[in-house]
Number of protein chains: 2
Amino acid sequence: MLLYNAPDPAPNPRRVRLFLAEKGLDIPMRDLAIVKREHKAPEFLEKNAAGQLPALELDDGSAIAESIAICRYLEALHPEPSLFGTTPEEIGRIDMWLRRAENMLMIPVGMVWVHTHPFTAGLGHQFTDFGETNKTRAAKAMHWFDGQLEDREYLAGPGYSMADIVLLTTIDFALWIGLELPEDADHLRGWHDRVSARESVKRA
Amino acid sequence: MLLYNAPDPAPNPRRVRLFLAEKGLDIPMRDLAIVKREHKAPEFLEKNAAGQLPALELDDGSAIAESIAICRYLEALHPEPSLFGTTPEEIGRIDMWLRRAENMLMIPVGMVWVHTHPFTAGLGHQFTDFGETNKTRAAKAMHWFDGQLEDREYLAGPGYSMADIVLLTTIDFALWIGLELPEDADHLRGWHDRVSARESVKRA
């Protein structure tokens, strides 16, 4: 196996690296340079026709793309420790929460990135007014997650899971592009401190 | 169990109904009227704090939301016939393809819906120029899926899967809001005819 990776601050490859660190898995990696458009080069498009990172090349030369799909594949190969849940209810709740992190927060954060950030200005027309409204959406979503985290240690329940990895990588990317955690979001800030202190964060 | 549902054309509840029909599962349903904002009413927000449909209420009164998470929960309870795959590679590939359908097609289709459609005009400011560019993105994504479907029967491989359900519900919603399948997308059209002819589509 070979993991095609992009270094920080790219949020999706970091999801996989954190997952690997939590599982104690070691997979060879090759960094591609997004700024040099290496993920759009013909030899990579043969692996991942969608031209996105990360992608996991299997031993037969084919590849699995999409960060969460890569992690699910690896979890099926190496079930312990579980990050996607083991009982039907855990499986459902963890997927619900990681999808909420994606749909409610990562989508507006991505729109802020694409439509307002100087780094993406050359990649296509920026609808800056639309991008600005997504700053409000992202802040609102952070407040919502703050409320949800009031009564528990981790996003999907009492145990750390893939949902925490998705929310953490999303929030750290949001901070990197200049968004901020709301001042009064104590539960979200406490959770962020807790998951950021994990060994996996230092190693990934 | 009780499935909080919204009738067509809402694409996400239809994913769950198609999944249930393919699995031969029968779960009591209650329709909420999105136009009457019943999914934002306090008694429903107690079930699903995100205020979205569908949501599956469990026997303890708690609920699982997010269409794919609901289906994963039900698949874990009722593994046969599998729609999310059984081997690690099937599990990875099916999740990859259903995520590509969501990320590459459903997101732009949703932006067209929210930012250009008369039905959503009263719900918030429409960035119509941004919405229009998403028509181009959606058409480009359909072409891309057309190319990917050249060499196989179903989206994630030789067998029908959850990925087909996600692409079908997305495309049918795109058609409903006025987008069109590209004229020359023969593979995508063939696939669409094939999956639309299934018994589950008549029953769901």
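Residues numbered from 1 in each chain as written. Chains lettered and ligands numbered in written order. Predicted model: local features only at pLDDT ≥ 70, side-chain atom pairs only at ≥ 80, totals over all residues. Heavy atoms only, no water.

**Student:** So what's going on with helix 4 (residues 88-116) of chain B? Which residues, and what values?
**Tutor:** Taking 1.5 Å of rise per residue, 29 residues should cover 42 Å, and helix 4 of chain B covers 41 Å from first to last C-alpha, within 8% of that figure. The largest bend along helix 4 of chain B reaches roughly 40° and is located at B:M106, with the proline B:P108 sitting one to four residues downstream. (Helix = DSSP H or I, 4+ residues; strand = E, 2+ residues; numbered from the N terminus. Expected span 1.5 Å × (residues − 1). Bend = angle between axes of the 7 residues up to and from the residue.)

**Student:** I'd love a proper account of the domain arrangement of chain A, names of residues and values included.
**Tutor:** Residue and element names in this part refer to chain A. When the domains of chain A are assigned, the result is domain 1 (2-77) and domain 2 (88-198). Taking only C-alpha atoms, the centre of domain 1 and the centre of domain 2 are 21 Å apart. A per-residue breakdown of the area domain 1 buries against domain 2 is headed by P9, R15 and E22, which together make up 42% of the total. Taking the shortest distance from any N to any O, the salt bridge between R198 and E22 comes out at 2.8 Å. The interface formed by domain 1 and domain 2 holds three residue pairs in polar contact (both at pLDDT 80 or more) in total. Those elements giving two or more residues to the side of domain 1 that touches domain 2 turn out to be helix 1 (11-23) and helix 3 (67-77). (Domains from an automatic or database assignment. Buried area = accessible area lost by both parts, 1.4 Å probe. Salt bridge = Lys/Arg side-chain N within 4 Å of Asp/Glu carboxyl O. Polar contact = N/O pair within 3.5 Å; in protein donor to acceptor, adjacent residues only side chain to side chain.)

**Student:** Tell me what's going on with the packing of helix 4 of chain B against helix 5 (residues 128-148) of chain B, and back it up with residues and numbers.
**Tutor:** Residue and element names in this part refer to chain B. Relative to each other, helix 4 and helix 5 sit at 150°, their axes nearing to 8 Å. With respect to helix 5, the element helix 4 is oriented roughly antiparallel. Viewed along their axes, helix 4 and helix 5 form a crossing whose handedness is left-handed. Class assignment of the residues belonging to the contact of helix 4 with helix 5 gives a composition of 14 nonpolar, six polar and four charged. (Axes fitted to C-alpha atoms, helices over the stretch in contact; angles between N-to-C directions. Parallel < 35°, antiparallel > 145°, perpendicular 65-115°, else oblique. Left-handed = near helix turned anticlockwise from the far one by under 90°. Nonpolar A, V, L, I, M, F, W, Y, C, P; charged D, E, K, R; others polar.)

**Student:** Go over the environment of A:D59, please, and point to the residues and values.
**Tutor:** Considering the arrangement of structural elements, one finds A:D59 in the loop between strand 3 (55-57) and strand 4 (63-65). Given the relative accessible area of 71%, A:D59 is considered exposed. (Buried < 20%, exposed > 50% of the residue type's maximum accessible area, 1.4 Å probe, protein only.)

**Student:** Tell me about the sheet that holds strand 4 of chain A, residues and numbers included.
**Tutor:** Residues and elements named next belong to chain A. Sheet architecture is open: four strands sit in the order 2-1-3-4, paired in mixed fashion. Sheet topology places strand 2 (29-31) and strand 4 at the edges, where each strand pairs with a single neighbour. Averaged over all pairs of adjacent strands, the angle between their axes in this sheet comes to 20°, without regard to strand direction. As defined by bridge partners, strand 1 (residues 2-5) adjoins strand 3 across three bridges and the pair is classed as antiparallel. Note on strand 3: the bridge partner recorded for L3 is L56. (Pairing = 2+ DSSP bridges.)

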